[in-house]
Amino acid sequence: MKYDLIAILGPTATGKTTLAAHLAAKLDTEIISADSRQVYRRMDLGTGKDLADYEVEGRHIPYHLIDIVEPGTKYNVYQYQQDFLQAYKDIADRGKLPIVCGGSGLYIESVLRGYQMADVPENKELRQQLEGKSLEELTEMLKTYKTLHNTTDTDTAKRAIRAIEIADYYKLHGLAQASEGNQPLYRPLVIGVSIDRELRREKISKRLRQRLDEGMVDEVKGLLAEGIAAESLIYYGLEYKYLTLYATGKITYDEMFSQLEIAIHQFAKRQMTWFRGMERRGVKIHWIEATLSMEDKMNAIMELIEN
């Protein structure tokens, strides 16, 4: 075949997982998740796993890299590259065409472009130096290392310290962050699911209310009851940041909802910014409208695969 990997990407609430599952059913293949938070067990509603999407007409579509690590741990793009390669080989060795699907742009781009990453160890001395500094001070310090494309690096002081730690490691060891290098290169067909901004906002708000009704607050309270530190959950950002602040009495329910809703809208916008950046960096993305019927989407993708 012309392609040895299909990638389906897009911002949150575009239905990309459902599309990937239907395509996997048609091609008799399996899906590799590219979501930086769905790797965590028992973090289901907050990460939007929607595992029911992997059921297509009574058939279960096998998926990989979901529910593989415990909450409270710090999973990163270096680990993702290693796990992706293992999952890819497992699927391809059985004669199937792997599909990678998700909204974590760095994770997807790291495998599509073969980024050279390093497993950055903890620098206790540097952490001691940074301890006690405000988020604003840490943000300014991080700017001296790199341009801040990813604002989640400065979502909390803990994340900012880790970002500085990583940037400092790369600087000391003469490595360029996310430089192309030592990973396998694929021949990918990249499909992007696009959606009108206002419709995206509407779907995000509706989905947030639905997940709260399904027990997202209880999920976070359960994780806290397990003994997972509040700051560890806040580290994961978005839902876990604001739900933890609510569960620990720092903000009201209404404040949690409004602040979280705004944060998710901003996150979706950043996702699209990243994907457009991928195009500028040489990744060809074939965009498909989210509002098309599943049949039309499938026809468009099959035409790309066959032609």
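Below is a summary of the structure that appears in this document. (Residues numbered from 1 in each chain as written. Predicted model: local features only at pLDDT ≥ 70, side-chain atom pairs only at ≥ 80, totals over all residues. Heavy atoms only, no water.)

Quick look at the packing of aromatic side chains now. Here the distance between the centres and the angle between the planes together describe a pair of aromatic rings. Per the counting criterion, the structure on display carries ten aromatic pairs. Summarising the aromatic geometry, the rings of Phe84 and Tyr186 are spaced 5.9 Å apart at their centres and angled 80° between planes, so their arrangement reads as edge-to-face. Of this pair, Phe84 sits in helix α2 (residues 77–92) while Tyr186 sits in the loop between β8 (179–180) and β9 (188–194), placing them 102 residues apart in sequence. Just as Phe84 is buried, Tyr186 falls in that class too. When the ring of Tyr235 is compared with that of Tyr236, the centres are 5.8 Å apart and the planes differ by 80°; the resulting orientation is edge-to-face. Residue placement shows Lys74 over the ring face of Tyr235; its charged tip is 4.5 Å from the ring centre. Seen from the ring of Trp287, Arg276 lies directly overhead, with NZ or CZ sitting 4.7 Å from the centre. (Phe/Tyr/Trp six-rings, centres within 6.5 Å; stacked < 30°, edge-to-face > 60°. Helix = DSSP H or I, 4+ residues; strand = E, 2+ residues; numbered from the N terminus. Buried < 20%, exposed > 50% of the residue type's maximum accessible area, 1.4 Å probe, protein only. Lys NZ or Arg CZ within 6 Å of the ring centre and 35° of its normal.)

Attention shifts here to unusual backbone geometry. Trans is the common state for peptide bonds, and a negative phi is the common state for residues other than glycine. One non-glycine residue, Asp28, lies in the positive phi region at around 55°. Topologically, Asp28 is positioned in the loop between α1 (16–27) and β2 (31–33). With a phi angle near 45°, Asp50 is a residue other than glycine that sits in the positive phi range. As for its placement among the helices and strands, Asp50 is situated in the loop between β2 and β3 (55–56). Asp50 sits in the partly exposed class, given a relative accessible area of 33%.

What follows deals with helix α8 (residues 216–225). Those residues of α8 that sit buried are Met216, Val217, Glu219, Val220 and Leu223. Looking straight down α8, one finds its buried side chains confined to an arc of 160°; they lie on one side. Set apart from the buried face of α8 by more than 90 degrees, the exposed residues are Asp218 and Ala225. Check the buried side of α8 and you find it contacts α7 (197–213), α9 (230–235), α10 (238–247) and α11 (253–280). Among the residues trailing α8, Gly227 stands out with phi positive, at a value near 105°. (Arc of directions from axis to C-beta. Contact = heavy atoms within 4.5 Å.)

This paragraph deals with the packing of helix α3 (residues 105–112) against α11. α11 packs onto α3 with a crossing angle of 20° between their chain directions and a minimal axis gap of 10 Å. It follows from the interaxial angle that α3 and α11 lie roughly parallel. Considering how the two elements wind past one another, α3 and α11 form a crossing that is right-handed. Across from Gly105, Leu106, Ile108, Glu109 and Leu112 in α3, the residues of α11 making contact are Trp274, Phe275 and Met278. Of the residues contributing to the contact of α3 with α11, the split by class is six nonpolar, one polar and one charged. (Axes fitted to C-alpha atoms, helices over the stretch in contact; angles between N-to-C directions. Parallel < 35°, antiparallel > 145°, perpendicular 65-115°, else oblique. Left-handed = near helix turned anticlockwise from the far one by under 90°. Nonpolar A, V, L, I, M, F, W, Y, C, P; charged D, E, K, R; others polar.)

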